[in-house]
Amino acid sequence: NAGVTQTPKFRILKIGQSMTLQCTQDMNHNYMYWYRQDPGMGLKLIYYSVGAGITDKGEVPNGYNVSRSTTEDFPLRLELAAPSQTSVYFCASSQPDATNEKLFFGSGTQLSVL
Amino acid sequence: LAKTTQPISMDSYEGQEVNITCSHNNIATNDYITWYQQFPSQGPRFIIQGYKTKVTNEVASLFIPADRKSSTLSLPRVSLSDTAVYYCLVGDMRRGSTLGRLYFGRGTQLTVWP
């Protein structure tokens, strides 16, 4: 099992450019999440999905969009990149049940907007 | 979700036992306590989870007093590879009820020296 795979690992964007961060998981998890982590800080939830075709906003959704056409994939789209979006982005997945949820994270995408 | 308070940083030497305490005064009856570990340039990784008393796995032990207002993550005989950020999370994460809204905070940076 590869777990949660994110691409690319690093990316530099110019202000106003757009890009898509890819995330795929092979654990057949229904729940998927996108977080951002600024230097020295904790993680903040951007968007989440509870299944294919269902997405919703987290704490900091402005400037981002997501889609969930399959169980495996949950891409994050940045439109009109801004310096404030410079951060490390983590995708995670889980399969909640009656016991407490355990999140599985990808290795992250480090994004710089200059 | 209950917020948590942890030390910003801790130092230890190889072979020592490390105890990281987390304060969570507003923990609710159905909340569980979960610890994640994050290495540089990687996503957080689940370590251990508990509700009360003591939980032990192959990696760590978690001690929770009767009032559950704090918890202590214990790492036995640490090595250089245990250098990481450790996050304490509190919440009722059954059936995915948090929808990803987990308070990671800044965590505790543990540095292990030779």
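Residues numbered from 1 in each chain as written. Chains lettered and ligands numbered in written order. Predicted model: local features only at pLDDT ≥ 70, side-chain atom pairs only at ≥ 80, totals over all residues. Heavy atoms only, no water.

Turning to the overall build of chain A, a few remarks are in order. Counting its regular elements, chain A contains zero helices and 11 strands. The helix and strand sequence of chain A, counted from the amino end, reads β-β-β-β-β-β-β-β-β-β-β. Against the 2.2 N^0.38 benchmark of 13 Å for 114 residues, chain A shows a C-alpha radius of gyration of 13 Å, consistent with a compact globule. Each principal axis of the C-alpha atoms in chain A carries an extent, and together these give about 45 × 30 × 25 Å. When the 114 residues of chain A are sorted by exposure, 46% land in the buried category. A separation of at least 24 residues holds for 55% of the contacts in chain A among residues at least 6 apart in sequence. (Helix = DSSP H or I, 4+ residues; strand = E, 2+ residues; numbered from the N terminus. Rg over C-alpha atoms; globule rule 2.2 N^0.38 Å. Buried < 20%, exposed > 50% of the residue type's maximum accessible area, 1.4 Å probe, protein only. Contact = heavy atoms within 4.5 Å.)

The bond known as a disulfide is covalent and runs between the sulfur atoms of two cysteines. Residues and elements named next belong to chain A. Per the counting criterion, the structure on display carries two disulfides over all chains. A sulfur-sulfur distance of 1.9 Å marks the disulfide that ties C23 to C91. Torsion about the S-S bond of the C23 and C91 cystine: about -70 degrees, corresponding to left-handed handedness. In this pair, C23 sits in strand 3 (residues 19–25) while C91 sits in strand 9 (residues 87–94), placing the two residues 68 residues apart along the sequence. (Disulfide = S-S within 2.5 Å.)

Glancing now at the pairing of strand 3 (residues 32–38) of chain B. Residues and elements named next belong to chain B. Strand 3 sits mainly inside the fold: six of its seven residues count as buried. In terms of strand pairing, strand 3 meets strand 8 (residues 84–91) through seven bridges, oriented antiparallel. Each bridged residue has a counterpart across the sheet, and for Y36 the counterpart in strand 8 is Y87. As judged from the five bridges shared by strand 3 and strand 4 (residues 45–50), these two strands associate in the antiparallel manner. Looking across to strand 4, one finds that T34 is bridged to Q49. Turn length for the strand 3-strand 4 hairpin, with the two strands adjacent in sequence and antiparallel, is six residues, and the turn residue S41 shows positive phi of about 65 degrees. (Pairing = 2+ DSSP bridges.)

With that settled, the discussion passes to the interface of chain B and chain A. By convention, interface size is frequently given as the accessible area that disappears when the constituent parts associate. Contact residues are listed per partner, giving 24 residues for chain B and 25 residues for chain A. Together chain B and chain A conceal approximately 1900 Å² of surface at their shared face, both sides included; 53% is due to carbon and sulfur atoms. Area buried by chain B at its contact with chain A is led by R95(B), L99(B) and R101(B), which between them contribute 24% of it. Here chain B is connected to chain A by zero salt bridges. Put simply, chain B and chain A have six residue pairs in polar contact (both at pLDDT 80 or more) between them. Secondary structure elements with two or more residues in the side of chain B that touches chain A: strand 3, strand 4 and strand 8 of chain B. Residue contributions to the side of chain B that touches chain A peak at three residues, all from strand 3 of chain B. Here the residues of the side of chain B that touches chain A are counted per class, giving nine nonpolar, 10 polar and five charged. (Buried area = accessible area lost by both parts, 1.4 Å probe. Salt bridge = Lys/Arg side-chain N within 4 Å of Asp/Glu carboxyl O. Polar contact = N/O pair within 3.5 Å; in protein donor to acceptor, adjacent residues only side chain to side chain. Nonpolar A, V, L, I, M, F, W, Y, C, P; charged D, E, K, R; others polar.)

One pass over the full model with this rule turns up 11 aromatic pairs over all chains. Between F105(A) and Y36(B), the aromatic rings sit 6.2 Å apart at their centres with planes inclined by 85 degrees, giving edge-to-face as the arrangement. Here the residue F105(A) occupies a position in strand 10 (residues 104–105), and Y36(B) occupies one in strand 3, the pair thus bridging two chains. Neither residue differs from the other here; F105(A) and Y36(B) are each classed as buried. (Phe/Tyr/Trp six-rings, centres within 6.5 Å; stacked < 30°, edge-to-face > 60°.)

Such coordinate-based values are descriptive only and should not be taken to indicate function.
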